[in-house]
Amino acid sequence: MMRSNLLILLLLLPLHFLFAQKNALEDFPDGYSPEEVGKLIAYRFVYANHALHAGKWIGYPETFYWNGALNFAELTADEMLARFLQNRFELLFSTEKELLPIKNHVDLNMFGSLPLRLYRMTGDQRYLQLGLPYADTQWQVPADAKPEEKAWADKGYSWQTRLWIDDMYMITIVQTQAYNVTGDCKYIDRAAKEMVLYLEELQRPNGLFYHAPDVPFYWGRGNGWMAAGVTELLRHLPADHQDRPRILRGYQKMMESLKSFQRPNGMWNQLIDEPDCWAETSGSAMFAYAFITGVKQGWLNADEYTPAARKAWMALVDYVDERGSVAEVCVGTNKKNDKQYYYDRPRNAGDFHGQAPYLWCVNALLEK
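Residues numbered from 1 in each chain as written. Predicted model: local features only at pLDDT ≥ 70, side-chain atom pairs only at ≥ 80, totals over all residues. Heavy atoms only, no water.

With that settled, consider the packing of helix 2 (residues 34-46) against helix 16 (residues 352-366). The relative placement of two packed helices comes down to the angle between their axes together with the axis-to-axis distance. Contact geometry of helix 2 with helix 16 gives a least axis separation of 9 Å together with a crossing angle of 140 degrees. The way helix 2 lies across helix 16 gives a crossing that is left-handed. Contact residues: helix 2 offers Pro34, Glu35, Val37, Gly38, Ile41, Ala42, Arg44 and Phe45, while helix 16 offers Phe352, Gln355, Tyr358, Leu359, Val362, Leu365 and Leu366. (Axes fitted to C-alpha atoms, helices over the stretch in contact; angles between N-to-C directions. Helix = DSSP H or I, 4+ residues; strand = E, 2+ residues; numbered from the N terminus. Left-handed = near helix turned anticlockwise from the far one by under 90°. Contact = heavy atoms within 4.5 Å.)

Shown next as structure tokens:
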């Protein structure tokens, strides 16, 4: 009898541990639940001023904050929030039409992901007609393109290719959304081909990425754009896609390295591998999003990464105030071959660079 009971216990242990791991990304103390934190941050966007690129057009931080709030509204069936967000966009068809980004730069074309997301939610053809050209023109070489831009296009890549790691969110997000709404494989093929190029050219032996080939520093948010971009692409890349094994391998290599550099309190530093650098929230939230999604999708070993994902989320929430403003966000940062430059970057509260990835984490925790 004792041997039989022991056998049953041993058989049940893995199942018990599986439930414990699942609960670790579902059960949070008061003030730390994704519903509470998400509502604070998402509703903050409704009343926020625009964050314009070059003072002229809707910029990428606002685009991704808006997208994250829309996803949160859908996941929580918050019809009032969804209506607020759609009404705000309605102005871009009329009185704020001049704020629509032009289509000549990687940091501007990504805007198309927002109307394409709205099209998926509403079926309103205006969103599709507005959003799709942003994806298409990323591969349509303009007449005044520079020789290096034409050279990238001749190889089948976007003429907007720069080999900066943040491009791997900017390019892949709009192409992936175009694939989602049209079912046309050319869009997901473009995103995958571009991702493989960046993995081959920029990923270092330790799994991380320099800001750019000529800037040998592991900047937090820069690596965050890559972590979030490869995660988002894998979510939508068909299981039998020829590039999926290579992309998944690059993702897993990066996640293993990030886990080794996670601070004991759950955060990551502005320069990931520099122990004396300050903890930065936007990059940390992007890494947490990649961990949470990887565990839920089965791309990462749950035993190893669930505790790391939970620890990151718990640490991140402590940087959110009662008005939904995220603190310790590195401001917009150009590349520079100067380590001290990254140490000295100003830190803001409420910066959209940080608000958006917090909502990505929220939505990843809420998704079933």
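When glycine is set aside, most residues are seen to have a negative phi, and most peptide bonds are trans. With phi around 55 degrees, Ala54 is a residue other than glycine that occupies positive phi space. For Ala54, the location among the structural elements is in the loop between strand 1 (52-53) and strand 2 (57-58). Judged by relative accessible area, which is 60%, Ala54 ranks as exposed. Notably, Ala77 is not glycine yet its phi reads approximately 55 degrees, a positive angle. Of note, Ala77 is situated in the loop between helix 3 (60-75) and helix 4 (79-90). (Buried < 20%, exposed > 50% of the residue type's maximum accessible area, 1.4 Å probe, protein only.)

This paragraph deals with the nonpolar core. Judged by nonpolar contacts, the single largest core of 115 residues is most densely connected at Phe64, Phe111, Ile247 and Met255. In terms of nonpolar packing, the next biggest core, distinct from the first, is built from 12 residues, Ala212, Tyr341, Tyr342 and Tyr343 among them. (Core = buried A, V, L, I, M, F, W, Y, C linked by side-chain atoms within 4.5 Å.)

The next thing to look at is a nonpolar patch on the surface. A contiguous nonpolar patch, built from Tyr47, Met80 and Phe84 and spanning about 340 Å² of accessible area, is present on the exposed surface. Tracing the sequence through the fold places Phe84 in helix 4. (Patch = residues over 30% accessible without salt bridge, like charges linked within 9 Å, V, L, I, M, F, W, Y side chains within 5 Å. Areas by Shrake-Rupley, 256 points an atom, 1.4 Å probe, with all protein chains shown as cover. Salt bridge = Lys/Arg side-chain N within 4 Å of Asp/Glu carboxyl O.)

So, on to the packing of aromatic side chains. Following the criterion strictly, the structure yields 28 aromatic pairs and no others. Considering the side-chain rings of Tyr169 and Trp225, the 5.5 Å spacing of their centres and the 50 degrees angle between planes classify their relative orientation as tilted. With Tyr169 in helix 9 (residues 167-182) and Trp225 in helix 11 (residues 220-236), this residue pair connects regions lying 56 residues apart in the sequence. Like Tyr169, the residue Trp225 is buried in the burial classification. (Phe/Tyr/Trp six-rings, centres within 6.5 Å; stacked < 30°, edge-to-face > 60°.)

So, about the packing of helix 3 against helix 4. At a minimum axis distance of 8 Å, the contact between helix 3 and helix 4 shows a crossing angle of 145 degrees. The way helix 3 lies across helix 4 gives a crossing that is left-handed. For the pair helix 3 and helix 4, the contacting residues are Glu62, Trp66, Ala69, Leu70, Phe72 and Ala73 in the first and Leu81, Ala82, Leu85, Arg88 and Phe89 in the second. Within the contact of helix 3 with helix 4, the residues separate by chemical class into 9 nonpolar, no polar and 2 charged. (Nonpolar A, V, L, I, M, F, W, Y, C, P; charged D, E, K, R; others polar.)

Attention now moves to the pattern of salt bridges. Inspection of every chain in the model, using the stated rule, returns 16 salt bridges. A salt bridge links Arg221 to Glu280; the nearest nitrogen and oxygen atoms lie 3.8 Å apart. One end of the pair, Arg221, is in helix 11; the other, Glu280, is in the loop between helix 12 (244-261) and helix 13 (281-297), and 59 residues separate them in sequence. On the accessibility criterion, Glu280 (1% relative accessible area) is buried. Salt-bridge contacts for Glu367 lead to Arg235; the nearest nitrogen and oxygen are separated by 2.9 Å. Of the two residues, Glu367 sits in the segment after helix 16 while Arg235 sits in helix 11, which places them 132 residues apart along the sequence. Shared partners join several salt bridges into a network, and the residues in it are Asp107, Arg162, Asp166 and Asp167.

Purely geometric numbers; function is a separate question.
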